[in-house]
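# Residue-level structural notes
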Amino acid sequence: MAEPKVKYDRQLRIWGEQGQAALEKSSICLLNSGPTGSETLKNLVLGGIGSITVVDGSKVEEGDLGNNFMVDESSIGQSKAKCVCSFLQELNDAVKAKFIEEYPEELIETNPSFFSQFTLVVATQLVEDSMIKLDRICREANVILIFARSYGLAGFVRISFKEHTVIESKPEHFLDDLRLNNPWPELKSLAEGIELNVQDPVAHKHIPYVIILVKVADEWAKSHGGALPSTREEKREFKELIKARMRGQDEDNYKEAIEASFKVFSPQGISSDLQQIVNDSSAEVDSNSSDFWVLVAALKEFIANEGGGETPLEGSIPDMTSSTEQYVNLQNIYQKKAEADIVAIERRVRSILKKIGRDSNSIPRTTIKSFCKNSRKLKICRFRLIEDEFNSPNLPELQKYLTDEDFSTAVGIYILLRAVDRFAANYNSFPGQYESAMEEDIPRLKSTASGLLNDLGCNGATLAEDLINEMCRFGAAELHAVAALVGGIASQEIIKLITRQFVPMSGTFIFNGIDHKSQLLSL
Amino acid sequence: MADTSPQPSRSRDLDKLLLRPGNLVGPRFEPGPETRDDLQAYARVLVVGAGGLGCELLKDLALTGFRNLDVIDMDRIEVTNLNRQFLFRLEDVGKPKAEVAAKRVMERISGVNIVPHFCRIEDKDISFYNDFNIIALGLDSIEARSYINGVACSFLEYDSYNNPREETIKPMVDGGTEGFKGHARVILPGITPCFECTIWLFPPQVKFPLCTLAETPRTAAHCIEYAHLIKWNEVHGGTAFDPDDPEHMKWVYNEALKRAELFGIPGVTYSLTQGVVKNIIPAIASTNAIISAACALETLKIATECSKTLSNYLSYNGTQGVHTKVTEFERDKDCLVCGPGVLIEVEPSVTLQKFIYLLEEHPKLWLSRASVSHQGKNLYLQAPTVLEEMTRSNLSQTLFNLMGKVTRDIVHVNGTATKNDQKISCMRKLLVVFKGTDGVADMDTAGGA
């Protein structure tokens, strides 16, 4: 066994040891081990997921050899679950792999409690009826559920879970937390101790832009009744003020200050997204509340009290032109304030825990620290029950998609993927599954789809004939490349859900393999 | 479920797409078993790179009806590959990637033939690349993409109206990933933008100014780069730094740590040291799977026209939700690589030696150490020595004679150019026109100059 740290190096650089530990602790159940399912698991097994359980009642046929890499000629006639499971095990011996030779549809009917043992269930190639049943079971048991389906050149991925909360959402472009619009006393006094008009030209061009902006903003506020620039004209003037202090074109720190001056103008306080989170009714905590909501409750108190309307400080600063000494001093000032804020939040967390009758040390300090560092970036994802979406989709959205050029193919695929299940329930095969019935299947699918649209409240809406034809042409084929793509997306969402890092998709991802104009639909 | 069960066939699923007519297909799609059989029998695809994308591509193509594949990669398997390069096992570490990858796919899928090439892409003759119908790129370097792109575009010929000759178009599909992000694109030289037309999509890597490293380090990365770029040379003078030598890496790490302590800078770790020095790009299985699958699907569409094609660039980002976007980029009409060729007008009296010298001075080329070929015949080769000696006598002959006294024709040159202070090998297509020969005076089709 290679040292796991080396083997997983390239992914540890993304989700860190904590994320990796979460993956290694989790247990995943796969329903149906065709290529969509086996490719989903392949990516998770490689990454070192804790355990997998493959559920499939079918035997390997000749046709499976043409689309599934996890079976070969020696598998023909054997349990597909068993073959796929043993090929997956080859990829990583650290993963516990087992299989159950049973049809998922039967398991859903006869043994619903089976699913509660897993962290997450990934259900592939299920038809609507089973999806709805499984969704209810998993929702009840609080097990994360993810659906994935490949169908010809189309497919979808959909997450279902009551609530997924994220501390480490890791957005790519997020404004740093420098508080230049609202500096705290220690930052102000550090700035006061630094002379902008220093004689030494080397020193002059190594004053960090943060200090320049704090000083110039302070100067501005003094002459403007305490206010910071707000109008376009004032902002321009402010920049001119900085420019006037520049001694030469090579002073990168001043250029950085001008470029970053918008950080002085930006409004104080928390974002509307965060406001919504602290106002959420879940922030009224009781003994059943999750750690996340206890932390949010503490954050809410902090913002209203010692935070003075602001979140705890993030504590890190970006690289900027500076002498080493001044940069390190600046870093320390930010660090110190961040640590003081953590202490304040921690005090509140402990007292809230006590109040709701929990062990006041039940949330570790490392979690509180991470929460404080990321408090501006919290994310909450809630997913509708599949049944609710199927019975009463968001009608205005649906109607918008149907008429929007960018969405019409994707929503057409969405409707048709549902229509093929209705079709199969009525005619005992998928449209175009058998060559002999192609001619009659096309009009049948067309009328099934219009019936469905009517039921959803989109009377009179029609889908493109070409797309209906295409769906019949697909004949429920599970193409390997489409399965690898859909399974790839499913596995990526699973990783985000389990590591509780990054943000999972909301709504239904519709894969469009015809021209790759895939879309997320929020219905 | 059904009344009639079809013949058991390995292409059960693929047949639906290849045997049935459709309305959302390419203009030359001919549904039927011949399309499938021809794909299996004749289509040849080269997979460039047998890493994260390459492993996926080989599997995907082999399960998408392609049976004649080649794979080229100069690397050997490392432990850090195993979290995503699913064709490799721990016991394969140290073996050539191309060979193991080819073997594993052939073991699993009968009827597929994969020829591995364990070498640099530059080691192959240009004609090697011309034997393939489609080239699929699974690379992580801009230089390698640029090289293959140059080779593929060198086959492109234009007719006298400056329209690309269809039979000379060498299609490429290109994938790339970084963490949760990636892209897949289709390049039809002469029709869609080539890699060089949109080179700006890859911004140059930001390097730290040396004075920051030497005088005002502020971050852990600054300390690491100081140890790597400055201190190493000071102490080890003659010995070149080898990023794959763990002793070298440890030395850099220790020096970086010392410097960080001296300046009070936090954050130097061994892992970060490796990341900075080797410019490690994080990589995971799922993104590679997504991007490769998109490339494989497009390869099938190029070969059969069984559906519409991606036109022409798909970007993917899975960090915040799932975002995909298709952008139709446009060709750079003045592209030196996929255009009709750089126009070079010379006197018929110019010798090959003089011609090679002219290339070094040419403001659009700056190409040194050029090897020259015409109509697939090597006029002069810089290396290897045997071939250099064989072609040396051509240097004193006139290019006009060597090219069979034609008035104008395409010549391929392969040499070294300097780009962003870096020497890169590249392939260029030149349209050579001999002054004062027949029909040259009213030559108005040399638009690529």
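Worth saying up front: this structure is predicted, and the values here are computed from it rather than measured. (Residues numbered from 1 in each chain as written. Chains lettered and ligands numbered in written order. Predicted model: local features only at pLDDT ≥ 70, side-chain atom pairs only at ≥ 80, totals over all residues. Heavy atoms only, no water.)

## What about the pairing of strand β2 (residues 51-55) of chain A?
Residue and element names in this part refer to chain A.
- Across the five residues of β2, five count as buried, placing the element largely inside the fold.
- Two strands pair when backbone bridges link them, and strand β1 (residues 27-31) and β2 are joined in this way by five bridges, in the parallel orientation. Bridge pairing links L30 to V54 in β2.
- Read as a crossover between parallel neighbours, the route from β1 over helix α3 (residues 35-46) to β2 is right-handed. (Buried < 20%, exposed > 50% of the residue type's maximum accessible area, 1.4 Å probe, protein only. Helix = DSSP H or I, 4+ residues; strand = E, 2+ residues; numbered from the N terminus. Pairing = 2+ DSSP bridges. Right-handed = clockwise from strand over helix to strand, strands pointing away.)

## Side note on the packing of helix α14 (residues 291-304) of chain A against helix α16 (residues 365-373) of chain A
Residue and element names in this part refer to chain A.
- As a packed pair, α14 and α16 sit with axes 11 Å apart at the nearest point and diverge in direction by 55 degrees. The angle between α14 and α16 places the two elements in the oblique class. When the axes of α14 and α16 are compared, the crossing they make is right-handed. Residue-level inspection shows F292, L295, V296 and L299 of α14 in contact with α16, the latter providing T367, I368 and F371.
- Counted by class, the contact of α14 with α16 contains six nonpolar, one polar and no charged residues. (Axes fitted to C-alpha atoms, helices over the stretch in contact; angles between N-to-C directions. Parallel < 35°, antiparallel > 145°, perpendicular 65-115°, else oblique. Left-handed = near helix turned anticlockwise from the far one by under 90°. Contact = heavy atoms within 4.5 Å. Nonpolar A, V, L, I, M, F, W, Y, C, P; charged D, E, K, R; others polar.)

## Some details on the interface of chain B and chain A
- Taken together, the contacts link 85 residues of chain B with 92 residues of chain A.
- Buried surface at the junction of chain B and chain A, summed over both partners, amounts to about 7,200 Å²; 58% is from carbon and sulfur atoms.
- Remark: the boundary between chain B and chain A carries 11 salt bridges.
- The closest approach of N and O atoms between R218(B) and D319(A), which form a salt bridge, is 2.6 Å.
- Summed over the shared surface of chain B and chain A, the number is 40 residue pairs in polar contact (both at pLDDT 80 or more).
- A per-element tally of the side of chain B that touches chain A places helix α11 (residues 285-304) of chain B first, with 11 residues.
- Among the residues making up the side of chain B that touches chain A, the classes are represented as 41 nonpolar, 26 polar and 18 charged. (Buried area = accessible area lost by both parts, 1.4 Å probe. Salt bridge = Lys/Arg side-chain N within 4 Å of Asp/Glu carboxyl O. Polar contact = N/O pair within 3.5 Å; in protein donor to acceptor, adjacent residues only side chain to side chain.)

## A word on the packing of α3(A) against helix α4 (residues 80-91) of chain A
All names here are of chain A.
- For the pair α3 and α4, the least separation of the axes is 9 Å and the interaxial angle reads 25 degrees. Classified by the angle their axes make, α3 and α4 are roughly parallel. Viewed along their axes, α3 and α4 form a crossing whose handedness is right-handed. In this structure, α3 uses S38, L41, K42, V45 and L46 to contact α4, whose residues at the interface are V84, L88 and L91.
- Here the contact of α3 with α4 is built from residues that sort into six nonpolar, one polar and one charged.

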